[in-house]
Every structure is written in C-alpha cells, then in structure tokens.
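# Inside the fold
One letter stands for each residue in the lines below.
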Amino acid sequence: MAVIHRTALKPTKLELLTAWLPSRPWYVGGTGGPELAKAGGFRLDDPEGEVGIEFLVVTDTSGSLPVSYLVPLTYRGAPLDGAEHALVGTMEHGVLGRRWAYDGCHDPLMAAQLTALVEGRVQAQDQNTSDVPDREVTRSCTGDGFAPTDFTVGATDDREGTELPAPQGTTLRLHRVLRPAPDHEPFPPPRAIGHVGGSWQLPDGTRTRGLFVVLHSGSRAQDRTADVDIPA
C-alpha cells in the first residue's frame, strides 16, 4: 500500500508540468505557458511498493477559458530503462531523495495497474491519504477478462488524448483534455468495453465529473469527440 509522505518536493509537480505540458500535442494553451492549479486525481498502488503511480488532474487558467488535463505520472527511485523520452523531470523528495517522474503512459507498471483498475482487480486510492480508497472513481468492464495485461508502452498522442494499444487489438484511451460528462455521469461511449471516470474541481470551487479512460475492443478508439477548439 502506498504511503503518502507530508514533505517538500523541489521542484514541485506543478513546476515540472508547467515546463512539460506545452510540449504535448494535446496541450491547447497559448505560447505564454500554462498557469496550473491542482484540481484532483487519484493514485494506484504498486504491488511491490516501490513506484508511485498518480493520476493527476491540473487546470490551466492562462487562457480565456480554463482547461483541465489528466496527467498520469509515475515516480521512481531510479531511471526507467528505455523511457528517456517519457521523462517529465526529476525532483528531490524530502524523505525518499531523488525521484524520476515519468509520463505514466510510457511506464509498463502504470499500464498494468490501470488495466487492473478497469477490470476491478484493484481499487483507486485517495490522492492525499494513505490506505484510503477513492470512492469518487468509477470503473466498468463488460464480459470476463476482456482487458489484457500486456499493453505495450508504445503510447500514441493526438489532439485529445493518448492511446495504449495491445497485441490483441484492445486499446486503452486516456482523455488528456477533460470535459464534464452530461449530467455529471461519465458513462462509457458506444462500443466501449470498459471505462474509468472521476471528478475534479473547477476554478469556481464546484466539482464536476467526466471520463478519464475508455477501453475499446477495436484497434482505434471510437470515443473521440468532434474536434472542438478551446480558446487559449
């Protein structure tokens, strides 16, 4: 079970993401850089207790409209071989020392644990408190054992999110640009065979809900919304 330490990080997660987010194809902010605030998220446990796995929601208020992003991160005590391209940055942790923060979509541990969450084999954990499940996170998986555990780490980014394909043709799609679900109920779209939904806080202090992850049986995701320009 992950232990949440009350300590300082240098630089902070938001400082790392302020520099990293503009390099992503799904970042819709302006050239001046984001102004980020933590808006929500949850954690998953590493069965070995070595790696931190966090699904962080941050909101950028630098543009004319706020935009919320889903950023899964893994925190490791040593570099992850072959994942130099996915390194978000390094931090000094007041208890654990140097930590390497990675885009979790390129970390096989995060892919495995996210699959386990979709299938219901693990529970989402509270972002800020040790050993407390996050009851606001919902999940579903139709059938029995649809989600494979061998998702590749060859994640592909587009304007809306990130896809993680598996050899059997199953695809996990992470919604990077988050949008509130109708009536705040994040139901999976047609043809989806699983999902993860959650909540986050809007700049005015209210909370909303939406889809974080969708599991598809096809080789390409079917849940893409129509292209919508978000003013920067």
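Residues numbered from 1 in each chain as written. Predicted model: local features only at pLDDT ≥ 70, side-chain atom pairs only at ≥ 80, totals over all residues. Heavy atoms only, no water.

Next up on the list: the environment of T138. Along the chain, T138 falls in strand β7 (residues 138–141). Considered as a pair, T138 and G198 are 60 residues apart in the sequence and their alpha carbons are 6.3 Å apart. Leave out the neighbours within four places in its chain, and T138 touches P186, H195, V196, G197 and R209. (Helix = DSSP H or I, 4+ residues; strand = E, 2+ residues; numbered from the N terminus. Contact = heavy atoms within 4.5 Å.)

Phi at D131 is positive, roughly 60°, even though this residue is not glycine. Structurally, D131 is set in the loop between α2 (108–119) and β7. Despite not being glycine, R191 has its phi angle at roughly 75°, a positive value. Topologically, R191 is positioned in the loop between β11 (177–178) and β12 (192–201).

Over its 12 residues, α2 runs 17 Å from end to end, which matches the ideal 16 Å to within 8%, given 1.5 Å per residue. Counted residue by residue, α2 has 10 buried out of 12 residues, so it is predominantly covered. Where α2 begins, one side-chain oxygen reaches toward the backbone nitrogen of L109, 3.0 Å away; that side chain belongs to D107. Of the residues flanking the end of α2, it is G120, one or two places downstream, whose phi is positive at about 90°. (Expected span 1.5 Å × (residues − 1). Buried < 20%, exposed > 50% of the residue type's maximum accessible area, 1.4 Å probe, protein only. Polar contact = N/O pair within 3.5 Å; in protein donor to acceptor, adjacent residues only side chain to side chain.)

As a further point, take the nonpolar core. F42, F55, L114, L164, L172, V196 and F212 are the most contacted members of the largest nonpolar core, which totals 31 residues. Secondary structure elements with two or more residues in this core: β2 (36–44), β3 (52–60), α2, β10 (171–175), β12 and β13 (207–216). It is α2 that contributes the most residues to this core, six residues altogether. One finds W20, V67, L73 and A101 within the second-largest nonpolar core, a separate group that totals 18 residues. (Core = buried A, V, L, I, M, F, W, Y, C linked by side-chain atoms within 4.5 Å.)

Let us look at the packing of aromatic side chains. Two numbers describe a pair of aromatic rings. These are the distance of the centres and the angle of the planes. The tally for this structure, following the rule as stated, stands at six aromatic pairs. Ring geometry for W20 and W26: centres 6.0 Å apart, planes at 65°, overall edge-to-face. Grouping residues by exposure puts W20 and W26 together as buried. What links up through ring pairs into an aromatic cluster is the set W20, W26, Y27 and Y69. (Phe/Tyr/Trp six-rings, centres within 6.5 Å; stacked < 30°, edge-to-face > 60°.)

Take the pattern of salt bridges next. On inspection of all chains with the given rule, the structure shows 10 salt bridges. Two residues, R76 and D107, come together in a salt bridge whose shortest N-O distance is 2.8 Å. Within this pair, whereas R76 is found in strand β4 (residues 67–76), its partner D107 is found in the loop between β6 (97–103) and α2, the two being separated by 31 residues in sequence. The same class applies to R76 as to D107, namely buried. Between R98 and E92 there is a salt bridge, and its shortest N-O distance comes to 2.7 Å. Here the residues in one salt-bridge network are K13, R43 and E54, joined through shared partners. (Salt bridge = Lys/Arg side-chain N within 4 Å of Asp/Glu carboxyl O.)

Further remarks concern the confidence of the model for the chain. In this model, the chain carries a mean pLDDT of 86, and residues with pLDDT of at least 70 account for 85%. Between residues 220–232, whose pLDDT stays under 50, and residues either more than four places distant or in other chains, the model counts 32 contacts. (pLDDT = per-residue confidence, 0-100.)

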